[in-house]
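Read off the chains here:
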Amino acid sequence: MIFPPKKSGPRPELAPETRQLIIVGANGAGKSRFTSRLLSSVSPERIFALSPLRALFGAYKPEAAPGSIDALYAEAAAHSPLTAGSPENFAPPTEAERLMSLLLQEEMVNLLGRKLAGKTHEPAAPTKLDRVLDLWREIFPENDILRHNGSLEFASATDGGETRSQNRLSSGEKLVLYYFGAVLYAPADAVIPVDSPEMFLHPSTIRSVWDRVEALRPDCTFVYTTHDLDFASTRSSAATVWVRGCSAEADVFDYDLLPPDSQLSEEMYLAILGARRPVLFIEGDSTRSIDAKLYPLIFPDYTVKSLGSCDRVIESTRVFNSLGAFHHLDSIGIVDRDRRSPQEVNYLRRKKIMVPEVAEIENMLMVEEVIRAVASANGRDENRAFAKVKAAVMNLFKADAKSQALQHTRHHVKHTIEHRIDGRFASISKLEEHMMDLVYEINPRAIYEQFCRDFHSYIRDDDYPSVLRVYNQKSMLSQSNVGSLTGCGDHRAYIAAILNILKSPSPAADRIRRALRAQFN
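Residues numbered from 1 in each chain as written. Predicted model: local features only at pLDDT ≥ 70, side-chain atom pairs only at ≥ 80, totals over all residues. Heavy atoms only, no water.

**What about the overall build of the protein chain?**
Check the secondary structure of the protein chain and you find 23 helices and 12 strands. Burial status across the protein chain gives 47% buried among its 521 residues. Sequence separation of 24 or more characterises 69% of the internal contacts of the protein chain that already satisfy a separation of 6 or more. Taken as a whole, the protein chain presents about 26400 Å² of accessible surface, with 51% of it coming from carbon and sulfur. (Helix = DSSP H or I, 4+ residues; strand = E, 2+ residues; numbered from the N terminus. Buried < 20%, exposed > 50% of the residue type's maximum accessible area, 1.4 Å probe, protein only. Contact = heavy atoms within 4.5 Å. Areas by Shrake-Rupley, 256 points an atom, 1.4 Å probe, with all protein chains shown as cover.)

**Examining the pairing of strand 6 (residues 221–225)**
The buried fraction of strand 6 is high, at five of five residues. The two faces of strand 6 match: Thr 221, Val 223 and Thr 225 on one face and Phe 222 and Tyr 224 on the other face are all buried. Taken together, the four bridges between strand 1 (residues 20–24) and strand 6 define a ladder with parallel strand orientation. Note on strand 6: the bridge partner recorded for Ile 22 is Tyr 224. Pairing of strand 5 (residues 191–195) with strand 6, which is carried by five bridges, proceeds in the parallel orientation. Following the sheet pairing, Val 191 is matched in strand 6 by Thr 221. Each parallel crossover has a hand, and for strand 5 linked through helix 7 (residues 203–216) to strand 6 it is right-handed. (Pairing = 2+ DSSP bridges. Right-handed = clockwise from strand over helix to strand, strands pointing away.)

**Focus: the environment of Asn 27**
For Asn 27, the location among the structural elements is in the loop between strand 1 and helix 1 (31–39). A relative accessible area of 61% places Asn 27 in the exposed class. Considering only alpha carbons, one finds Asn 27 and Thr 226, 199 residues apart in sequence, at a separation of 9.5 Å.

**Some details on the pattern of salt bridges**
Considering all chains together, one arrives at 26 salt bridges under this definition. A salt bridge links Arg 244 to Asp 256, with the nearest nitrogen and oxygen atoms 2.7 Å apart. Separated by 12 residues along the polypeptide, Arg 244 in strand 7 (residues 239–247) and Asp 256 in strand 8 (residues 252–257) bring together distant segments of the chain. Residue Arg 244 is classed as buried on the basis of its relative accessible area of 16%. According to the relative accessible area criterion, Asp 256 is buried, its value standing at 17%. With its nearest N and O atoms 3.6 Å apart, the salt bridge here joins Arg 337 to Glu 357. Here Glu 357 lies in the loop between strand 12 (353–354) and helix 14 (361–364) and Arg 337 lies in the loop between strand 11 (331–334) and helix 13 (342–350), a separation of 20 residues in the sequence. A residue is classified by how much of its surface remains accessible, and Arg 337, at 9% relative accessible area, is buried. Judged by relative accessible area, which is 26%, Glu 357 ranks as partly exposed. Through salt bridges with shared partners, a single network forms among Glu 368, Glu 369, Arg 372, Glu 382 and Arg 511. (Salt bridge = Lys/Arg side-chain N within 4 Å of Asp/Glu carboxyl O.)

**Some points on helix 4 (residues 95–116)**
With 22 residues, helix 4 extends 31 Å between its outermost C-alpha atoms, agreeing within 8% with the 32 Å of an ideal straight helix rising 1.5 Å per residue. Among the residues of helix 4, Glu 95, Ala 96, Glu 97, Arg 98, Leu 99, Met 100, Leu 102, Leu 103, Gln 105, Glu 107 and Arg 114 are the ones counted as buried. (Expected span 1.5 Å × (residues − 1).)

**Some thoughts on the environment of Ala 405**
With respect to the helices and strands, the residue Ala 405 is situated in helix 16 (residues 382–420). On the basis of relative accessibility, which here comes to 0%, the residue Ala 405 falls in the buried class. For Ala 405 and Phe 451, which are 46 residues apart along the polypeptide, the C-alpha to C-alpha distance reads 5.3 Å. For Ala 405, the residues in contact, after removing those within four places along its chain, are Tyr 448, Phe 451, Cys 452 and Phe 455.

**Regarding the nonpolar core**
Leu 294, Tyr 295 and Met 366 are the most contacted members of the largest nonpolar core, which totals 60 residues. Here the element with the most residues in this core is helix 16; it accounts for nine residues. If near-sequence neighbours (up to four positions away) are discounted, Met 366 is found in contact with Ile 371, Val 389, Val 393, Tyr 464, Leu 468, Met 476, Leu 477, Ser 480 and Val 482. Formed by 49 residues, the second largest nonpolar core is a distinct cluster that contains Leu 102, Ile 139, Val 176 and Trp 210. (Core = buried A, V, L, I, M, F, W, Y, C linked by side-chain atoms within 4.5 Å.)

**Brief notes about the environment of Asp 336**
Looking at the element boundaries, Asp 336 is found in the loop between strand 11 and helix 13. Once the C-alpha coordinates of Asp 336 and Pro 356 are considered, the two residues, 20 residues apart in sequence, prove to be 6.7 Å apart. Setting aside residues up to four positions removed in sequence, Asp 336 forms contacts with Glu 283, Asp 291, Val 355, Ala 359, Glu 360 and Ile 361. In this structure the side chain of Asp 336 is engaged in a polar contact, spanning 3.5 Å, whose partner is the backbone nitrogen of Ile 361. (Polar contact = N/O pair within 3.5 Å; in protein donor to acceptor, adjacent residues only side chain to side chain.)

Put into structure tokens, the structure is as follows:
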């Protein structure tokens, strides 16, 4: 295959051993046009296209390309004594059904051939249909398949053993049969384009289905066109093309091959390709964490990607920005402040890692303006609501001041030791001497006492912002009674209220968004 003309720079070349190629990009970027142009460099007889829409819903009398399922079915039907002379209107209406008829017809011809040759007592070699049904059972292990009067009946354990015809299968179940069966008819060394390979398939089965399809035809090259990044991330050995745009008039495309040695995980890169927006890497789980729910609403101009740990955020931001010449997108990260020193915070900010002026994500929701905005939106007196929440938080911090000082001291000592011990020592004895001296050099008790003095000054001065900056206490939301005081109910309802306000344009949303963005100035 030869890549289409490139808007700038030389055309990349595909390695001869490549057997999976993924075309990704945003909607409207020109993925389908790119794929069509790419396939024009391949001999037509080598192309064997698979389409989920055509398989399930394609009208009869398609333009049957030579070697396609429709062409093979028409040829088999014309020469079969079972179907010869049958009206065209009696043919199965979809490509998936015609494929199953073709498999069943080959099965019957095979049985008749063995019977005529007197070989019915010998073990039979697996037929195409045998292979398809065995693989289908692997994907759907709670189902069974019965041969009955020249047709197939499907039984599910969840249905109490009741059988159903192929027509009553789900779209996903039909497609799995279709993909397994169709590739067995592809010509040798075929190029198999697949449009939207994830369509109708449950996410839990996508990897298994396409791993098995590719294993059935290791001689073929699969070209997947998709915007589903979860699917793309399952093809770990594939070459990936990112299509950013195209010019139909000039017949050129803006695209690049994904660098195989980018040092960034395939899943990560594919999660941001085609977004056309700067990227924001954050901590936390992508579905359950407050980070993943809140930050996309605070920074709507960014593509937000959850990475879990702060180390992954820091490293991914560094690596992604080092590849700016490839993707032309900016990248920043956000990590919780936790117990980092001002020096650590400044270092991270120089590396394009934003660190808020509060200790952790829960504290973002306890910022004064956020509390006031939610209370006001619920018709509560915002001055009274914030005063009560502030008093509760200050009392909680006062009770926890010593334990918080100890945790900050531990972090400071650990960070200092890691930094100081990261040196060269001529012998193990020198290292031992250095470590024994560290406790006196670092003086953890003095550090602890300084934290205690700082924290008590915040309490004495009623310094709420400073408390939010140093207080790591996830139960603060519930223990401060902020949900009830702002008219929401409990703390979970308070979090939901903030998210709901931010989802719709309103003065309250603008107020909350400005207050939270200000934490990164």
